[in-house]
Each structure stands twice: as C-alpha cells, then as structure tokens.
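Here's the letter readout for the chains.
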Amino acid sequence: MTQPPSPALAQELEKAATMVVTARRLLATGTTLDLSALEGKIRNVCESVVHLPHDQGQGMIPALEKLIDDLDRLAAAVCERMEPPPPSPTQASPAEGDV
C-alpha cells in the first residue's frame, strides 16, 4: 500500500510547483526572471524524494509528473522568449546582392 509522503516534503513540492506557475506568469508579462531559486528548490525536493522509502516515493509520482509538465511548459516559454519571432510575410528578405 502506498503511504503518503511527509507533510513537510509535500509542502515543499507544492511550493516548487507554485514557483513554476508564478515564473510562467511573470515570463508571459515580459518580466526577466532569475530561475536560480527555483532550480535550488526543485533540486532539494528531488533529493528528498530519492531518499524516501519506496511506498512514500510512489505516492509522490502524480505530483512529480505534474511538476515535470509545468517545468516543460516553463522551458518552452523561456525558449520562445529567447528565440526571435519568424519574419512576417510582409517583410522582404534582402536580395543576394544587397548583403
């Protein structure tokens, strides 16, 4: 039978998930972010989960999968912001002789 994780660890995981959602919202508004605190929080949660007894670790899987999905969405948003948008069809590319 799967045992619930410790309340403290569940709370830390929830804090990490909240930080990811907040980072995505801020990024969407154009705010520049320092993700080092988020990285440290997630590292600590993952290290704690690794040391859990098997039954408790199993209970963390759904929350960890959700966190991974949220992190993937954050990574996509960061990449999207860093990549320049493609040229619009109305923008002409320079002719070969113009470069």
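Quick caveat, the model's predicted, so the values are computed rather than measured. (Residues numbered from 1 in each chain as written. Predicted model: local features only at pLDDT ≥ 70, side-chain atom pairs only at ≥ 80, totals over all residues. Heavy atoms only, no water.)

**Some points on the overall build of the chain**
If you tally the helices and strands in the chain, you get three helices and zero strands. Start at the N end of the chain and walk to the C end: the helices and strands fall as α-α-α. Each of the 99 residues in the chain was classed as buried or not, and the buried ones make up 22%. Roughly 7300 Å² of accessible area belongs to the chain as shown, and the carbon and sulfur atoms make up 59% of that amount. (Helix = DSSP H or I, 4+ residues; strand = E, 2+ residues; numbered from the N terminus. Buried < 20%, exposed > 50% of the residue type's maximum accessible area, 1.4 Å probe, protein only. Areas by Shrake-Rupley, 256 points an atom, 1.4 Å probe, with all protein chains shown as cover.)

**Let's talk about helix α3 (residues 54-82)**
Compared with the 42 Å implied by 1.5 Å per residue over 29 residues, the 40 Å span of α3 between its first and last C-alpha is a close match. Along α3, the sharpest kink reaches roughly 40°, centred on Ile-61 and followed within four residues by the proline Pro-62. When we look at burial in α3, the residues that qualify are Gln-56, Gly-57, Met-60, Leu-64, Leu-67, Asp-70 and Leu-74. Here the buried face of α3 lies against α1 (7-28) and α2 (36-50). (Expected span 1.5 Å × (residues − 1). Bend = angle between axes of the 7 residues up to and from the residue. Contact = heavy atoms within 4.5 Å.)

**A closer look at the nonpolar core**
Val-49 and Met-60 are the most contacted members of the largest nonpolar core, which totals 16 residues. Of all elements in the fold, only α1, α2 and α3 reach the threshold of two or more residues within this core. Examining the composition of this core, we find that seven residues originate from one element, α1, more than from any other. For Val-49, the contacting residues outside a window of four places in its chain are Leu-9, Met-60 and Leu-64. (Core = buried A, V, L, I, M, F, W, Y, C linked by side-chain atoms within 4.5 Å.)

**Points about the side chain of Asp-70**
Topologically, Asp-70 is positioned in helix α3. Here the side chain of Asp-70 touches Arg-73 through a polar contact of 2.3 Å, side chain to side chain. Sequence-distant contacts of Asp-70, that is, excluding residues within four places in its chain, are made with Val-20, Val-21 and Arg-24. (Polar contact = N/O pair within 3.5 Å; in protein donor to acceptor, adjacent residues only side chain to side chain.)

**Overview of the pattern of salt bridges**
In total, this model carries five salt bridges according to the counting rule given. Here Glu-12 ties to Lys-15 by a salt bridge, and the two come within 3.3 Å at their closest N and O atoms. Taken together, the positions of Glu-12 and Lys-15, both in helix α1 and three residues apart, correspond to about one turn of that helix. By relative accessible area, which is 26% here, Glu-12 ends up partly exposed. A salt bridge links Glu-12 to Lys-41, with the nearest nitrogen and oxygen atoms 2.7 Å apart. Linking Glu-12 in helix α1 with Lys-41 in helix α2, this pair joins segments that are 29 residues apart in sequence. Connected through shared salt-bridge partners, Glu-12, Lys-15 and Lys-41 make up one network. (Salt bridge = Lys/Arg side-chain N within 4 Å of Asp/Glu carboxyl O.)

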